[in-house]
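# Overview (structure and organization)
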Amino acid sequence: MRKPLVVALCALALAGAGATPAVAAAPSPTGADTTTGTAPATSLTDVVNDTVGAVADTLSGLTAPKSAAVNFAGTVSLSNCSGSVVRMPDSAASDPALVLTNGHCLESGFPSPGQVLTDRASSRTFGLLNASGAKVATLRADRLVYATMTDTDAAIYRLNTTYAQIKSSYGIEPLTLSSSRPAAGTAISVVSGYWKRIYSCSVDGFVHRLKEGDWTWKDSVRYTSACDTIGGTSGSPVVDDVTGKVVAVNNTGNEDGARCTVNNPCEVDENGGVTVRQGINYAQQTYPFTACFTTGNRLDLSASGCTVPKP
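Attention in this report is confined to the structure presented alongside it.

Cut-off values and rules
- Every residue gets a number counted from 1 within its own chain, in the order that chain's sequence is written.
- Only residues with pLDDT of at least 70 get local features here, since the model is predicted, and only at 80 or more are side-chain atom pairs given and counted; chain-wide, interface and lining totals rely on the full set of residues.
- Heavy atoms from the whole structure form the basis of all side-chain values; hydrogens and water molecules are not counted.
- Disulfide: a pair of cysteine sulfur atoms within 2.5 Å of each other.
- Secondary structure elements are taken from DSSP: a helix is a run of H or I of four residues or more, a strand is a run of E of two residues or more, and numbering for both begins at the N terminus.
- Type-normalised accessible area, obtained with a 1.4 Å probe on protein chains alone, sets the label of each residue: buried when under 20%, exposed when over 50%, and partly exposed for intermediate values.
- Salt bridge, as applied in this entry: a Lys or Arg side-chain nitrogen positioned within 4 Å of an Asp or Glu carboxyl oxygen.

### Here's the deal with the state of the cysteines
Each disulfide is one covalent bond, formed between the sulfur atoms of two cysteines. Throughout the structure, instances matching the rule amount to 4 disulfides. Between the sulfur of C201 and that of C227 lies a disulfide, 2.1 Å long from S to S. Between C201 and C227 the sulfur-sulfur dihedral comes to about -100°; the bridge is accordingly left-handed. Taken together, the residues C201 in strand β10 (residues 197-212) and C227 in the loop between β11 (215-223) and β12 (237-240) connect sequence positions 26 residues apart. Each member of the pair C201 and C227 is classed as buried. Across a sulfur-sulfur distance of 1.9 Å, C260 and C266 are joined as a disulfide pair. Handedness of the C260-C266 disulfide follows from its S-S torsion of about 100°: it is right-handed. Here the two residues C260 and C266 agree in accessibility, since each one is buried. Here the disulfide map of the protein chain reads 1-2, 3-4, 5-6, 7-8, the bonded cysteines being numbered as they appear in the sequence.

As structure tokens, this is what we get:
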């Protein structure tokens, strides 16, 4: 799982802000968001996050590969993860908007292996970005619709505002989840709202089982090496450069070359063979979710074709 880097603390020093308990405690050892998400837009936490984002803009602007077709519109920043406002293929403008991120980015901490959370109260906040990566609004959830780290690593929140209201107020459309499985070789962009950075590469292939610590994910996307994602990119949408649709959610990478440990996932093939690829990063496919949401963006885990893990 991807945690924010020490640059965040450097940004605080540059800004002259002291290391407050809330800021110092925000990044957990493996990237979970442990804040409540209830702070108002003018809180110290928001000021710190904006400062970190500004420093990240300066640093990443020198090195970050940029896609000409993909931008930041519709992506969001969490306190130490990334995410995006998403719609299903059949979502209506009047539906309550959804935000996609990782299961390991939950404000309550990591779900246990085998645990699936549905329909939980939440007041999580998200910084909405425009095309250039500037924060234009703070959005708020009213429910955690779904979250798990079993078979996949995803969380979907429901906002207290509709797609139409977001469009009317800020001129920003949601990203659309593709209902199709991506193909090897697909040109993709990993768009991080936390760092306001876009990584461009291709789908290198797929992993039968990706094991990290106590968690195992199925049919994971493996990137080519150009997508050298870092801490804080957890939850970033993985966008097909041709269609502009979301095909996966970024979640992890092997940092140290260790075997199957936290922050060092390993690939397990159909015969149980293990491969370690240091420096290679991964995402979880999102097309299965498109069969699980019905009219009004309601989650229906019993719907035909819905294959995501169930409680």
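Next comes the rest of the description.
### Things to note about the pattern of salt bridges
Enumeration according to the criterion identifies 9 salt bridges in this entry. Here R158 ties to D142 by a salt bridge, and the two come within 2.9 Å at their closest N and O atoms. Linking R158 in strand β7 (residues 154-162) with D142 in strand β6 (residues 135-148), this pair joins segments that are 16 residues apart in sequence. Assessed through its relative accessible area of 30%, R158 is described here as partly exposed. Taking the relative accessible area as the measure of exposure, D142 reaches 28% and is therefore partly exposed. Measuring nitrogen to oxygen at the nearest pair gives 2.8 Å for the salt bridge that ties D204 to R222. Placement of D204 in strand β10 and of R222 in strand β11 is noted, with a sequence separation of 18 residues between them. Of the residues examined, R222 reaches a relative accessible area of 10% and is grouped as buried.

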